[in-house]
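# Topology and contacts: notes
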Amino acid sequence: MATKTKKKPKERFVRYETADYLRDEKDMVAYLEACMAEAGDDAALIAAALGDIARAHGMADLARKTGLTREGLYKALNTDGNPSFSTVLKVIAALGLKLTPKAA
């Protein structure tokens, strides 16, 4: 007598999106601080972190506040991007954050 084996449900995976977990300003600041502490001289990590925060905040709103295009922001704020310092400053200001120097 053959026994029926229950078929395992197919596993589904979804892409992890950091922006989904940055729910408020406190989360965004803590995330950016952690990335800056870990980045060393890796500017791409900082750009990508700003991109994550920008997506959580709303890229269209950020584009309006900075005067930059959404496409330009997406391009600049990813791991392959190389935003100018002026772009970084505009994004930080539009997010309601401040870049503050601190002794190492």
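Residues numbered from 1 in each chain as written. Predicted model: local features only at pLDDT ≥ 70, side-chain atom pairs only at ≥ 80, totals over all residues. Heavy atoms only, no water.

## Thoughts on a nonpolar patch on the surface
Side chains of Met36, Phe85, Leu89 and Leu99 sit close together on the surface and give an oily, nonpolar patch of about 380 Å² of accessible area. Relative to the assigned elements, phenylalanine 85 resides in helix 5 (residues 85–94). Taking the relative accessible area as the measure of exposure, phenylalanine 85 reaches 54% and is therefore exposed. (Patch = residues over 30% accessible without salt bridge, like charges linked within 9 Å, V, L, I, M, F, W, Y side chains within 5 Å. Areas by Shrake-Rupley, 256 points an atom, 1.4 Å probe, with all protein chains shown as cover. Salt bridge = Lys/Arg side-chain N within 4 Å of Asp/Glu carboxyl O. Helix = DSSP H or I, 4+ residues; strand = E, 2+ residues; numbered from the N terminus. Buried < 20%, exposed > 50% of the residue type's maximum accessible area, 1.4 Å probe, protein only.)

## Here we look at the pattern of salt bridges
Enumeration over the complete set of coordinates arrives at 4 salt bridges. Where aspartate 52 meets arginine 55, a salt bridge forms, and the shortest distance between an N and an O atom there is 2.5 Å. Taken as a pair, aspartate 52 and arginine 55 lie in helix 2 (residues 43–57) at a separation of 3 residues, close to a single helical turn. A residue is classified by how much of its surface remains accessible, and aspartate 52, at 11% relative accessible area, is buried. Assessed through its relative accessible area of 31%, arginine 55 is described here as partly exposed. Of the charged contacts, one joins aspartate 61 and lysine 65 as a salt bridge, the two residues approaching to 3.3 Å between their closest N and O atoms.

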